[in-house]
Amino acid sequence: MIWDIYGHDWVVTLLKKHAAGGNLRHAYLFVGAEGIGRRTLALRFAQALNCSQPPAPGEFCGTCRDCRQIQSMQYPDLSLVTPAEGHQDILIDQIRELQHTLALAPYSARYRIALIPNFQKLTVQAQNALLKTLEEPQDKVIIFITVNALESLLPTIVSRCEVIRLHPVSLTDAQTYLESVRGLDRPQAELIAHISGGRIGAAIRMVDDQAILSHRKGFLDDLLSLLSAPLYERFKLAEDLSRPYDQARQQAGEVLPVWLTFWRDVFIRTSGADLPPVNIDLLDQVDQIAGILDEGEARKLMAAHEKACQQLDLNANVRLLLENLMIQWPFVATPIS
């Protein structure tokens, strides 16, 4: 079976060589934005390492029990480490449990695999605990780590991994992929290419789950309608997004990045920067707002939304965070249409 990875040919070539027996490392660190294909590459690599019927060195069949179980992440020799229910971070006790598991011989596979996505969610204590495993790797154990940026990791972690940096494809290439492989018409393919920023994994999710685009439209409709609304209506949305309490952070985590793309587009327009917009279906609305703001004001709004995304990750009060953000939005006399 082919790896079916678009835009990362050099990575696939490298991992095939490693899976075929050349210079296999004990830990691989996939670095790149969410939706760029980090987890997919890790799972394909795990299949190539443990396929029971590989058609060629470094390849996998995709149909044997091992391949199917790895793909569904139900493999007995695959450990997936994510934050426990009710927690934002991966805690040291979870890493200690993983270490105990990795100390055991593989149940049926050639290699026992540990997959730790979004490694930036590990506490410093958890990272330090994992460091011992990276310094003294167990035989027949391979660790896959995915992370947004290296800056969030301890340097000692990075130095003990094979670092693989992933980059988005061009918007033109993403659009071509969506048209030729996924069968989208040109306007839809162009829109998704821009929204995804060339992250093929994110683009595929939008194609497969239309609710993502529907939610995006709802978030942006709310933003545009509230620009001409009184403050109490803005605060009502902040209240709604903060309920129920146990879902508030997730809801804000979905809406804030979408709002950020709008204000980034406004800043691009006001600054005259030669950068592609994200919301190409809302360029008229972007231009309307850009027409009443100067570059400095647009920059402050973009920076405020970036800061809000960061504060959300630091467990800030969701309702207060949203209200503070909405106070900074401009008031527009005429509704945006």
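Placed above this text is the structure.
For clarity, every value in this text was computed on a predicted model and none was experimentally measured.

(A) Region of the structure containing the pattern of salt bridges. Evaluation of the coordinates by the stated rule reveals 16 salt bridges. The partner of K132 in a salt bridge is E136, and the shortest N-O contact between them spans 3.4 Å. Note that D287 is salt-bridged to R269, the shortest N-O span being 2.7 Å. Placement of D287 in helix α13 (residues 283-290) and of R269 in helix α12 (residues 245-271) is noted, with a sequence separation of 18 residues between them.

(B) Examining the packing of aromatic side chains more closely. According to the stated counting rule, one finds eight aromatic pairs in the structure shown. Between the aromatic rings of Y28 and F144, the centroid separation amounts to 6.0 Å while the plane-to-plane angle is 65 degrees, which identifies the pairing as edge-to-face. Of this pair, Y28 sits in strand β1 (residues 27-31) while F144 sits in strand β4 (residues 141-147); the two residues are 116 residues apart in sequence, bridging distant segments of the chain. Here F144 falls in the buried class, since its relative accessible area comes to 1%. Aromatic pair F30 and F144: ring centres 6.2 Å apart, planes at 75 degrees, arrangement edge-to-face. With F30 in strand β1 and F144 in strand β4, this residue pair connects regions lying 114 residues apart in the sequence. The class of F30 is buried, set by a relative accessible area of 0%. By way of ring pairs, the aromatic residues Y28, F30, F45 and F144 are connected into one cluster.

(C) Up close: the layout of surface pockets. Its boundaries defined by the atoms lining it, the second largest pocket holds a volume of some 610 Å³. G37, R39, T40, G201 and R205 are the residues nearest the centre of the second largest pocket, which is lined by 25 residues in total. In terms of residue count, helix α2 (residues 38-50) provides more of the lining of the second largest pocket than any other element does, six residues in total. Looking at the lining of the second largest pocket, its residues break down into 10 nonpolar, eight polar and seven charged.

(D) Main features of the side chain of N50. By the element assignment, N50 lies in helix α2. At a separation of 3.2 Å, a polar atom in the side chain of N50 contacts the main-chain amide nitrogen of R110. A polar contact is formed between the side chain of N50 and the backbone nitrogen of Y111, at a distance of 2.9 Å. Ignoring any residue separated from it by four or fewer positions in sequence, one finds N50 in contact with D66, I70, Y75, A109, R110, Y111 and I113.

(E) Inspection of the sheet that holds β1 at higher detail. What the five strands build is an open sheet, ordered β2-β3-β4-β1-β5; its pairing is parallel. Edge positions in the sheet fall to β2 (78-80) and β5 (162-165), since each has one partner strand and no second. Here the average twist between neighbouring strands, direction ignored, is 15 degrees. In the sheet, β2 pairs with strand β3 (residues 112-116) via three bridges, with the strands oriented parallel. Within the sheet, the bridge partner assigned to S79 lies in β3 and is A114. Contacts from helix α1 (residues 9-19) reach β1 and β5, with the element oriented near 155 degrees to β5. Seen against the sheet, helix α4 (residues 92-102) touches β2, β3 and β4 and runs at an angle of roughly 165 degrees to β3.

(F) The nonpolar core, seen in detail. By size, the foremost hydrophobic cluster in this structure holds 41 residues, and its most contacted members are L256, W259, W263 and W329. For this core, the secondary-structure elements that each account for two or more residues are α10 (210-226), α11 (231-241), α12, α13, α14 (295-313) and α15 (318-328). Ranked by size, the runner-up nonpolar core spans 32 residues in total, among them V12, A42, C51 and L115.

Rules and cut-offs
Residues numbered from 1 in each chain as written. Predicted model: local features only at pLDDT ≥ 70, side-chain atom pairs only at ≥ 80, totals over all residues. Heavy atoms only, no water. Salt bridge = Lys/Arg side-chain N within 4 Å of Asp/Glu carboxyl O. Helix = DSSP H or I, 4+ residues; strand = E, 2+ residues; numbered from the N terminus. Phe/Tyr/Trp six-rings, centres within 6.5 Å; stacked < 30°, edge-to-face > 60°. Buried < 20%, exposed > 50% of the residue type's maximum accessible area, 1.4 Å probe, protein only. 1 Å grid on protein atoms, 1.4 Å probe; cavity = no way out; pocket = protein on both sides within 12 Å on 5 of 7 lines; lining within 4 Å. Points joined across faces, edges and corners; volume = space filled by probe spheres on them. Nonpolar A, V, L, I, M, F, W, Y, C, P; charged D, E, K, R; others polar. Polar contact = N/O pair within 3.5 Å; in protein donor to acceptor, adjacent residues only side chain to side chain. Contact = heavy atoms within 4.5 Å. Pairing = 2+ DSSP bridges. Axes fitted to C-alpha atoms, helices over the stretch in contact; angles between N-to-C directions. Core = buried A, V, L, I, M, F, W, Y, C linked by side-chain atoms within 4.5 Å.

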